[in-house]
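Single-letter residue listing:
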Amino acid sequence: MGLRVLPPPANGNWGGGVPAGKSCMELLARLHLGAGPAGCFQSAGWSTGSLPLHHSCTADQEPPEASNFCPPAHSCNDWIGPPDRQSNLRPIVFHIPKNESPLGRRLREFRQETQVWNQQFWASQNVSFRKGKEEFIYSRLKAKGLEMKDETGQKVTLSAEEMADFYKDFLSKNFKKHMCYNREWYKRNFTITFLMGQVAFERAWRMLGWKKTKVEN
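The present account deals with the structure reproduced in this document. (Residues numbered from 1 in each chain as written. Predicted model: local features only at pLDDT ≥ 70, side-chain atom pairs only at ≥ 80, totals over all residues. Heavy atoms only, no water.)

On to the overall build of the protein chain. Helix and strand counts for the protein chain stand at four helices and three strands. Shown N-terminal to C-terminal, the secondary structure of the protein chain runs as helices and strands in the order α-β-β-β-α-α-α. Looking at the 217 residues of the protein chain, the share that counts as buried comes to 37%. Accessible surface for the protein chain amounts to roughly 13600 Å². Of this, 58% is attributable to carbon and sulfur atoms. (Helix = DSSP H or I, 4+ residues; strand = E, 2+ residues; numbered from the N terminus. Buried < 20%, exposed > 50% of the residue type's maximum accessible area, 1.4 Å probe, protein only. Areas by Shrake-Rupley, 256 points an atom, 1.4 Å probe, with all protein chains shown as cover.)

Structure follows, in structure tokens:
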């Protein structure tokens, strides 16, 4: 099944490909992978069950607006959208089959619940990260007798060595929180993978029974 990509809207609200910036996710060794180009919803076909992530903007750039996208009525796939403003996670609009089995519904609802849980965690964590980063930069500049902006109006930045102190301190303070998140994330992914295996087996068994009935007739 081929990948179908919708073009971004004419007003450009979804943004385009902007440079990836520093974020909590990068500090956690990129636990998730991007799910395609920013600024469009794309058909995902049969997904792996993990929630895709894309680092679409720096701390000084506004993330693209989320879209109230509604998949085409004839679509039989999940659809992945542009990054959320707060979490940077790409939302998934899950396809609901007409003859969805109880097991298939359990899988879909668990994936939806996991997406909400993931969204809430990273939205909160990114707000804390950006706030802490701004406060750190402000305190360092103040100690040097500098303002946040220079005479040209440009933001004054710190060196990579200075910012490394903040990243190290942030990870140290949030170590237990990240460990708990990772533990829960792997548990959820295992459950999703297990349910997907059951759903695949159920579909194969149903197809086998349909073929057997057709042969007998």
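One finds Phe129, Phe136, Ile137, Leu141, Leu158, Met163, Phe166, Tyr167 and Phe170 forming the largest nonpolar core, which totals nine residues. At the level of secondary structure, the elements contributing two or more residues to this core comprise helix H2 (102–143) and helix H3 (160–173). Once residues within four sequence positions are removed from consideration, Phe136 is found in contact with Leu158, Glu162, Met163, Asp165 and Phe166. (Core = buried A, V, L, I, M, F, W, Y, C linked by side-chain atoms within 4.5 Å. Contact = heavy atoms within 4.5 Å.)

On to the environment of Phe170, then. With respect to the secondary-structure elements, Phe170 resides in helix H3. By relative accessible area, Phe170 is classed as buried at 5%. Along the sequence, Phe170 and Phe129 sit 41 residues apart, while their C-alpha atoms lie 7.6 Å from each other.

This part takes up the packing of H2 against H3. Orientation of H2 relative to H3, taken along the N-to-C sense of each, is 140°, at an axis distance of 11 Å. Judged by the inter-axis angle, H2 sits oblique to H3. Handedness of the crossing formed by H2 with H3: right-handed. Across the interface between the two elements, Gln125, Ser128, Phe129, Gly132, Lys133, Phe136, Ile137 and Arg140 from H2 touch Glu162, Met163, Asp165, Phe166, Tyr167 and Phe170 from H3. In terms of residue class, the contact of H2 with H3 is made up of seven nonpolar, three polar and four charged. (Axes fitted to C-alpha atoms, helices over the stretch in contact; angles between N-to-C directions. Parallel < 35°, antiparallel > 145°, perpendicular 65-115°, else oblique. Left-handed = near helix turned anticlockwise from the far one by under 90°. Nonpolar A, V, L, I, M, F, W, Y, C, P; charged D, E, K, R; others polar.)

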